[in-house]
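Here is how the chains run, residue by residue.
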Amino acid sequence: MDFYAHVLEHKDELIKRTKQLLAIPSVLDRFDPASETPFGTAINDALQFMLEMAKDDGFITKNINNYAAHVEYGSGKEILGVLCHLDVVPTGDGWTYGPFEPTIADGKLYARGAADDKGPTMAAYFALKLLKDLGFAVNKRVRIILGTDEETEWRGIGEYFKTEQMPDIGFAPDAMFPLIYGEKGIFTFDVTGKTTDTDLITFTAGDRYNVVPDYASCTLRKDLKEEFTQYLAFHGLSGEIDGDKYVVHGKRAHAMQPNLGVNAAFILAEFLQQHIDNAFIDYICEYLTFDHLGEKLRIDHYDDEMKEFTINPAVYEYNKNSFKIGINCRYPKEWDKDSAKINLDASAKKYHFKIHYLGDKVVHYVDKNDPLVQTLYDAYVKYTGDTEHEPITIGGGTYARSLDKAVAFGPMMPGRKDVAHQIDEYLFVDDLLKATAIYMEAIHQLTK
Ligand code: ZN
Ligand code: ZN
């Protein structure tokens, strides 16, 4: 059956409901576990809107204490989970149309959450509703799982899985088409220590582990102002002396592709190493500077499918001879974590520093030849005719990671600008309709 043609027949209703959901300003208020509405009333309104609509449409629903919920259709031993979220990031200023006044212009539906993730949520919901209305039998329980704080700490989905069964297979309409079947692991650690040098007073750069720092500054007891100005000019670098601060500007980038940025701390450290004798600076220069592959630390790895290991030494806090360097790595499958830890510990030991292992989100990976990947990809190809773009792996983390066996699937079409989290976020109306048809096909094929 041509699901796209069927979706077009119900276009007005789909758009109407999507607009209603988008009109709810579901930004996290504040997290209050003692409250009836732990993520605030607006997010709860969005959750209730979905559940009321689903009940009216004849679905079984389950609400997990307003932390998350699901809409269910079908019966069977296995569960197919479609993981969505109803919260949105703050709007920021300067919208052409109100961020919560959904408006269609030039074929685009503008609103905060249009692309991430309320538009796709409605597409997935509507796909299931249309299948149900058409009387398609499904051999699994299909659950549209509604998360409520994907944009912050995933507490909603965490609470959900304390009581609810893990779906056997699933997908998350919260990224891009065709699909993402592999996500690198995310490994974070700090290097800390003390130094005895008296020249360096402070050294600061970066505030988030997942961003390449575009700003670094230091203060010194020694006067290196002239040398610094010459160094910047000679190498064509951007920076200045600001009062007693030596400032370097680099270029921001996401930690999953640190080579696209310029780490300002590296530039400042390499300058300082020429003029002062400081173990913190020496460590940075020996093991970290301009080496996004981790070769200096001997923790590099390359996987044919998931590509290279990357390292982003992101956060630097040096004050009165004590310091911390915060580091975020993205690793492909088959990375030898134990050997890496041995090499990391050895690097620190050489300087009498310490490594503190903070977090490890393991690789999320579904085999490219798995029927789940194949079926979803075929559904995408059927309604787009696009065989040029293939399933991919990425260095970031998507919501699909919340499920044991799931991939990120849509809604952004290849070649579209990524407008999630931006001012004037939008979703092409055509993409909303296409995505709905693709999700219908996918759910149908996975449950026949
Ligand atoms: Zn999202
Ligand atoms: Zn988001």
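Residues numbered from 1 in each chain as written. Chains lettered and ligands numbered in written order. Predicted model: local features only at pLDDT ≥ 70, side-chain atom pairs only at ≥ 80, totals over all residues. Heavy atoms only, no water.

Engineer: Would you mind going over the coordination of the zinc ion (ligand 1) with me for this structure?
Structural biologist: Under ideal tetrahedral coordination, the four donors around a metal are separated by 109.5 degrees; under ideal octahedral coordination, the six donors are separated by 90 or 180 degrees. Taken together, the protein donors to the zinc ion (ligand 1) comprise His85 (NE2), Asp116 (OD), Asp174 (OD) and Asp174 (OD), at separations of 2.0 to 2.4 Å. Considering all four donor atoms around the zinc ion (ligand 1), the spread of angles at the metal, 56 to 145°, places the coordination shape in the irregular class. If you list the donors of the zinc ion (ligand 1) from N- to C-terminus, the spacing comes out as H-x30-D-x57-D. The two metals, the zinc ion (ligand 1) and the zinc ion (ligand 2), are separated by 3.4 Å and share Asp116 as a common coordinating residue. Placement of the pair is Asp116 in the loop between strand 5 (108–110) and helix 4 (118–133) and Asp174 in the loop between strand 7 (169–172) and strand 8 (175–176), with a sequence separation of 58 residues. (Donors = N, O, S within 2.8 Å, 3.2 Å for Na, K, Ca; no water. Tetrahedral: all angles 85-135°; square planar, octahedral: opposite > 155°, others 65-115°. Helix = DSSP H or I, 4+ residues; strand = E, 2+ residues; numbered from the N terminus.)

Engineer: What is the right way to read the sheet that holds strand 11 (residues 200–205) from this model?
Structural biologist: In any sheet, the strands associate via hydrogen bonds between backbone groups, in a parallel or an antiparallel arrangement. If you trace the eight strands from one edge of the open sheet to the other, you get 13-14-12-11-17-18-10-19, paired in antiparallel fashion. Edge positions in the sheet fall to strand 13 (238–242) and strand 19 (354–361), since each has one partner strand and no second. Averaged over all pairs of adjacent strands, the angle between their axes in this sheet comes to 20°, without regard to strand direction. Lying on the sheet, helix 8 (residues 279–288) is in contact with strand 10 (185–194), strand 11, strand 17 (310–319), strand 18 (322–331) and strand 19; it crosses strand 18 at an angle near 15°. (Pairing = 2+ DSSP bridges. Axes fitted to C-alpha atoms, helices over the stretch in contact; angles between N-to-C directions. Contact = heavy atoms within 4.5 Å.)

Engineer: It is not clear to me how the coordination of the zinc ion (ligand 2) should be interpreted in this structure. Could you clarify?
Structural biologist: Every protein donor of the zinc ion (ligand 2) is listed here as Asp116 (OD), Glu151 (OE), Glu151 (OE) and His421 (NE2), and their distances to the metal cover 1.9 to 2.6 Å. Every donor residue of the zinc ion (ligand 2) comes from the same chain, spaced as D-x34-E-x269-H.

Engineer: I would appreciate a short explanation of the pattern of salt bridges in the present structure.
Structural biologist: Note that side chains of opposite charge can pair when their charged atoms are close. Tallied over the entire structure, the rule returns 24 salt bridges. The residue Lys140 makes a salt bridge to Glu78 at a minimum N-O spacing of 3.8 Å. With a gap of 62 residues between them, Lys140 in the loop between helix 4 and strand 6 (141–147) and Glu78 in the loop between strand 2 (68–73) and strand 3 (79–85) connect regions that are remote in the sequence. Here Asp360 makes a salt bridge to Lys337, at a shortest N to O gap of 2.5 Å. Here Asp360, found in strand 19, pairs with Lys337, found in helix 9 (residues 337–350); they are 23 residues apart in sequence, far enough to count as distant. Looking at Lys337, the relative accessible area reads 21%, which means it is partly exposed. Because the salt bridges share partners, they merge into one network encompassing Glu13, Arg17, Asp57, Lys129, Lys132 and Asp133. (Salt bridge = Lys/Arg side-chain N within 4 Å of Asp/Glu carboxyl O. Buried < 20%, exposed > 50% of the residue type's maximum accessible area, 1.4 Å probe, protein only.)

Engineer: For this particular structure, what's the right way to read the sheet that holds strand 24 (residues 426–428)?
Structural biologist: With antiparallel pairing, the three strands of this open sheet are ordered in space as 4-5-24. Each edge of the open sheet is held by one strand with a lone partner, namely strand 4 (103–105) and strand 24. Neighbour to neighbour, the strand axes of the sheet diverge by 25° on average, direction disregarded. For strand 4 and strand 5, the ladder comprises three bridges, and the chain directions are antiparallel. Of the residues in strand 5, the one forming a bridge with Ile104 is Leu109.

Engineer: Explanation requested: the packing of helix 3 (residues 41–56) against helix 4 in the structure shown.
Structural biologist: How two helices sit against one another is set out by the angle between their axes and by the gap between those axes. Viewed as axis vectors pointing N to C, helix 3 and helix 4 meet at an angle of 15°, and their least axial separation amounts to 12 Å. One finds that helix 3 runs roughly parallel with respect to helix 4. Crossing of helix 3 over helix 4 shows right-handed handedness. Residue-level contacts link Phe49, Met50, Met53 and Ala54 of helix 3 to Thr121, Met122 and Tyr125 of helix 4. (Parallel < 35°, antiparallel > 145°, perpendicular 65-115°, else oblique. Left-handed = near helix turned anticlockwise from the far one by under 90°.)

Engineer: How do you make sense of the packing of helix 2 (residues 11–22) against helix 4 when you look at a structure like this?
Structural biologist: Across the interface, helix 2 lies against helix 4 with an axial gap of 10 Å and an inter-helix angle of 140°. For the element pair helix 2 / helix 4, the angle class is oblique. The hand of the helix 2/helix 4 crossing is right-handed. Counting all contacts with helix 2, which are made through Glu13, Leu14, Arg17, Thr18, Leu21 and Leu22, the residues of helix 4 involved are Lys118, Gly119, Met122, Tyr125, Phe126 and Lys129.

Engineer: I'm lost on the domain arrangement of the protein in this one. Help?
Structural biologist: A common way to express how large an interface is: the accessible area buried when the components associate. Under the domain assignment used here, the protein contains domain 1 (3–184 + 364–446) and domain 2 (185–361). For domain 1 versus domain 2, the distance between C-alpha centres works out to 38 Å. Across the contact, 10 residues belong to domain 1 and 12 residues belong to domain 2. Taken over both partners, the interface formed by domain 1 and domain 2 buries close to 890 Å², and the fraction arising from carbon and sulfur atoms is 58%. Between domain 1 and domain 2 we count zero salt bridges in total. At the boundary of domain 1 with domain 2, the tally comes to five residue pairs in polar contact (both at pLDDT 80 or more). Take the side of domain 1 that touches domain 2: its biggest share by element is three residues, from strand 9 (residues 180–183). Per-class residue counts for the side of domain 1 that touches domain 2 are two nonpolar, four polar and four charged. (Domains from an automatic or database assignment. Buried area = accessible area lost by both parts, 1.4 Å probe. Polar contact = N/O pair within 3.5 Å; in protein donor to acceptor, adjacent residues only side chain to side chain. Nonpolar A, V, L, I, M, F, W, Y, C, P; charged D, E, K, R; others polar.)

Engineer: Where do I start with the state of the cysteines in this structure?
Structural biologist: Every disulfide links exactly two cysteines, by a covalent bond between their sulfur atoms. Tallying each qualifying case throughout the model produces zero disulfides. Between Cys285, a cysteine without a disulfide, and Cys218, which holds the nearest cysteine sulfur, the sulfur-to-sulfur distance is 12 Å. What makes Cys285 buried here is its relative accessible area of 10%. (Disulfide = S-S within 2.5 Å.)

Engineer: Teacher, can you tell me more about the pairing of strand 18 here?
Structural biologist: The two faces of the sheet receive side chains in turn, since in a regular strand these alternate between them. When you tally the buried positions in strand 18, you get eight out of 10 residues, the bulk of the element. When strand 10 meets strand 18, the two strands line up antiparallel, connected through 10 bridges. Bridge pairing in strand 18 links Ile186 to Arg330. Bridge count between strand 17 and strand 18: nine bridges; the pairing is antiparallel. Its bridge partner lying in strand 18, Asn312 is registered against Asn328. Hairpin connection from strand 17 to strand 18: two residues lie between these consecutive antiparallel strands, with Lys320 at a positive phi of about 50°.

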